[in-house]
Amino acid sequence: MALAGMFLMIFLIFHLATNLLMLAGDGGKAFSEAVTFLSESPLIKVMEYVLFAGFLIHILLGVILQLHNYRSRPVKYHTRLRSETSTFSRFMFHTGVIIFVFLVIHLINFFFIRLGWVPQPDYAAHKHDFYSVAVVLFKNPWYTAIYLVSFVFLGFHLKHAFQSSFQSLGLNHTKYTPAIKVIGTIYALGISVGFAIIPVYFLFFY
Ligand code: HEM
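Residues numbered from 1 in each chain as written. Predicted model: local features only at pLDDT ≥ 70, side-chain atom pairs only at ≥ 80, totals over all residues. Heavy atoms only, no water.

A.B. asks: How do you make sense of the overall build of the chain when you look at a structure like this?
C.D. replies: Scanning the chain for helices and strands turns up nine helices and zero strands. Along the chain, helices and strands appear, N-terminal first, in the series α-α-α-α-α-α-α-α-α. With the principal axes as the frame, the chain shows a C-alpha extent of 55 × 35 × 35 Å. By residue count, 36% of the 206 residues in the chain fall in the buried class. Sequence separation of at least 24 residues holds for 75% of the intrachain contacts in the chain that already meet a minimum separation of 6. Of the charged side chains in the chain, 14 are positive and 7 negative, and the gap between their average positions amounts to 22 Å. (Helix = DSSP H or I, 4+ residues; strand = E, 2+ residues; numbered from the N terminus. Buried < 20%, exposed > 50% of the residue type's maximum accessible area, 1.4 Å probe, protein only. Contact = heavy atoms within 4.5 Å. Lys, Arg positive; Asp, Glu negative; His and termini not counted. Charge placed at Lys NZ, Arg CZ, Asp CG, Glu CD.)

A.B. asks: How do you make sense of a nonpolar patch on the surface when you look at a structure like this?
C.D. replies: On the surface, a nonpolar cluster with roughly 600 Å² of combined accessible area is contributed by Ile 59, Val 63, Leu 67, Val 97, Phe 100, Val 101, Val 104 and Ile 108. By residue number, the principal contributor to the nonpolar patch is helix 5 (residues 92–109), which donates five residues. Here Phe 100 shows up in helix 5. The exposure class of Phe 100 is partly exposed, given its relative accessible area of 42%. (Patch = residues over 30% accessible without salt bridge, like charges linked within 9 Å, V, L, I, M, F, W, Y side chains within 5 Å. Areas by Shrake-Rupley, 256 points an atom, 1.4 Å probe, with all protein chains shown as cover. Salt bridge = Lys/Arg side-chain N within 4 Å of Asp/Glu carboxyl O.)

A.B. asks: Explanation requested: the site of the ligand in the structure shown.
C.D. replies: The ligand sits among 24 residues. The nearest are His 15, Asn 19, His 106, Phe 111 and Arg 114. Between the ligand and the protein, one listed contact pairs a nitrogen atom with a side-chain N or O atom of His 15 at 2.8 Å. Contact distances for the ligand include 2.7 Å between a nitrogen atom and a side-chain N or O atom of His 106. (Near = heavy atom within 4 Å. Polar contact = N/O pair within 3.5 Å; in protein donor to acceptor, adjacent residues only side chain to side chain.)

A.B. asks: Explanation requested: the environment of Asn 140 in the structure shown.
C.D. replies: Within the secondary structure, Asn 140 is located in the loop between helix 7 (130–139) and helix 8 (141–168). A C-alpha to C-alpha distance of 27 Å links Asn 140 and Leu 158, two positions 18 residues apart in sequence.

A.B. asks: Hey, could you run me through the coordination of the iron atom of the ligand in this one?
C.D. replies: Put simply, the ideal angle at a metal is 109.5 degrees for four donors in tetrahedral geometry and 90 or 180 degrees for six donors in octahedral geometry. Surrounding the iron atom of the ligand are the protein donor atoms His 15 (NE2) and His 106 (NE2), at 1.9 to 2.0 Å. The exposure class assigned to His 15 is partly exposed, which follows from its relative accessible area of 25%. Taking relative accessible area as the criterion, His 106 reaches 16% and is therefore assigned buried. (Donors = N, O, S within 2.8 Å, 3.2 Å for Na, K, Ca; no water.)

What follows is the structure in structure tokens.
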């Protein structure tokens with residue numbers, strides 16, 4: 001689960017970097033070129049399968065872990081002791097479910113158009129014209145709100161996930177763990193704020 005999660009965290013860095021090209025102020029030229037290049041690259045095509053396998057493994061193991069936790073203690077503790085577990089760690093399954101729902105909406109908004117599973121909108125010049133899709137989508141305050149709220153939960157999920165994935169792989173050290181926690185917080189903030197800038201830009205400044 002930790003390995004699949006780490007892979008997804010790396011994907012998010014690349015995904016954010018590509019999407020930030022939307023803000024280049026060139027009418028989406030650089031972004032569209034990047035998307036066309038990526039969608040035609042055989043390596044990326046293979047990576048897409050690996051990515052979806054990563055999501056699947058991560059989600060399946062997450063559900064199994066949650067069921068296991070529930071079976072171990074179907075009746076909740078009466079009083080919760082102040083323990084090492086942070087609020088973020090206790091809500092990993094819940095924030096995960098929210099991210100899953102977001103992902104389904106998000107894939108319908110963008111990726112499924114490329115696959116032809118969702119009809120290409122009239123305003124899109126071709127099935128890779130995700131810039132026009134983003135402009136129309138984020139001009140709608142409801143979609144912007146759904147994306148922004150999801151990014152808050154994504155940030156919470158990633159904050160714990162980052163540190164926890166290292167711990168699961170055996171790296172739990174008095175010297176390194178505090179540094180990993182700080183890097184995890186910076187990573188989670190960077191990813192969620194970085195993604196949030198995109199809908200905010202289209203809604204208010206485009
Ligand atoms: C404002 C934020 C975001 C924008 C504008 C955005 C945009 C896009 C676009 C344009 C695509 C289609 C790319 C293609 O098919 O060539 C896509 C696909 C995808 N997005 Fe996002 N995305 C955002 C946030 C996220 C987040 C936060 C996640 C994960 C939690 C995510 C996960 C995915 C996945 C798994 C795919 C399908 C695989 C791929 O095409 O790379 N996206 N996104």
